[in-house]
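# Observations on chain architecture
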Amino acid sequence: MTSRKGRTYMYFKGQPLYPFGFGLSYTTFEYSNLRTSTDSVNAAGEVAVSVDVKNTGPAPAMRSCNCTSSGSFRGGAAHQGTARI
């Protein structure tokens, strides 16, 4: 059996250049027209959020957009949703 030491991330002992999920891509994206359904959150804690995402780079790619909230409701900042584009 061939040793895999130093050949894969599982055996890498150094510090990675970027943390997992950093968002590295072979292309670039442009974000525009961030919109919310209201200026404040209703009593149920709901607000719809939308954004236009355009691939402006040379390679086809998908992007995951995350939405987080901040404030004193529901315990403070929280991840609220993800959409793959």
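Residues numbered from 1 in each chain as written. Predicted model: local features only at pLDDT ≥ 70, side-chain atom pairs only at ≥ 80, totals over all residues. Heavy atoms only, no water.

The subject of this paragraph is the overall build of the protein chain. When you go through the protein chain residue by residue, the secondary structure sums to zero helices and four strands. The order of α-helices and β-strands along the protein chain, N terminus first, is β-β-β-β. A total of 85 residues make up the protein chain; the buried ones form 7% of that total. With the model as given, the accessible surface of the protein chain reaches about 7600 Å², and the carbon-plus-sulfur share is 54%. (Helix = DSSP H or I, 4+ residues; strand = E, 2+ residues; numbered from the N terminus. Buried < 20%, exposed > 50% of the residue type's maximum accessible area, 1.4 Å probe, protein only. Areas by Shrake-Rupley, 256 points an atom, 1.4 Å probe, with all protein chains shown as cover.)

Let us now look at the environment of Ala 48. One can find Ala 48 in the loop between β1 (29-36) and β2 (49-55). Counting along the chain gives 12 residues from Ala 48 to Thr 36, while the straight-line C-alpha distance between them is 5.5 Å. Ignoring anything within four residues of it in the chain, the contact list for Ala 48 reads Arg 35, Thr 36 and Ser 37. (Contact = heavy atoms within 4.5 Å.)

Moving on, we get to the side chain of Thr 27. Along the chain, the position of Thr 27 falls in the segment before β1. Residue classification places Thr 27 among the buried residues on the basis of a relative accessible area of 9%. Side-chain polar atoms of Thr 27 contact the backbone nitrogen of Gly 57, separated by 3.3 Å. Only 3.4 Å separates the side chain of Thr 27 from the backbone oxygen of Ala 59, close enough to count as a polar contact. Once residues lying within four places of it in the same chain are set aside, the contact partners of Thr 27 are Asn 55, Gly 57, Pro 58, Ala 59 and Ala 61. (Polar contact = N/O pair within 3.5 Å; in protein donor to acceptor, adjacent residues only side chain to side chain.)

Turning to unusual backbone geometry, a few remarks are in order. Even without being glycine, Asn 33 reaches a positive phi, approximately 55°. In this fold, Asn 33 is placed in strand β1. Residue classification places Asn 33 among the partly exposed residues on the basis of a relative accessible area of 47%.

Attention now moves to the side chain of Arg 63. Take Arg 63: it is sitting in the loop between β2 and β3 (64-69). It is Glu 30 that comes nearest to the buried, bridge-free Arg 63 among opposite-charge side chains, at 13 Å. Among the polar contacts made by the side chain of Arg 63, one reaches the side chain of Tyr 31 at a distance of 3.1 Å. (Lys, Arg positive; Asp, Glu negative; His and termini not counted. Salt bridge = Lys/Arg side-chain N within 4 Å of Asp/Glu carboxyl O.)

All told, the structure shown has one salt bridge when counted by the stated rule. With a closest N to O distance of 3.4 Å, Arg 35 and Asp 52 form a salt bridge. Residue Arg 35 is located in strand β1, and its partner Asp 52 is located in strand β2; the two are separated by 17 residues in the primary sequence. Arg 35 sits in the partly exposed class, given a relative accessible area of 37%. For Asp 52, a relative accessible area of 32% translates into the label partly exposed.

Functional significance is not addressed by these values, which are geometric in nature.
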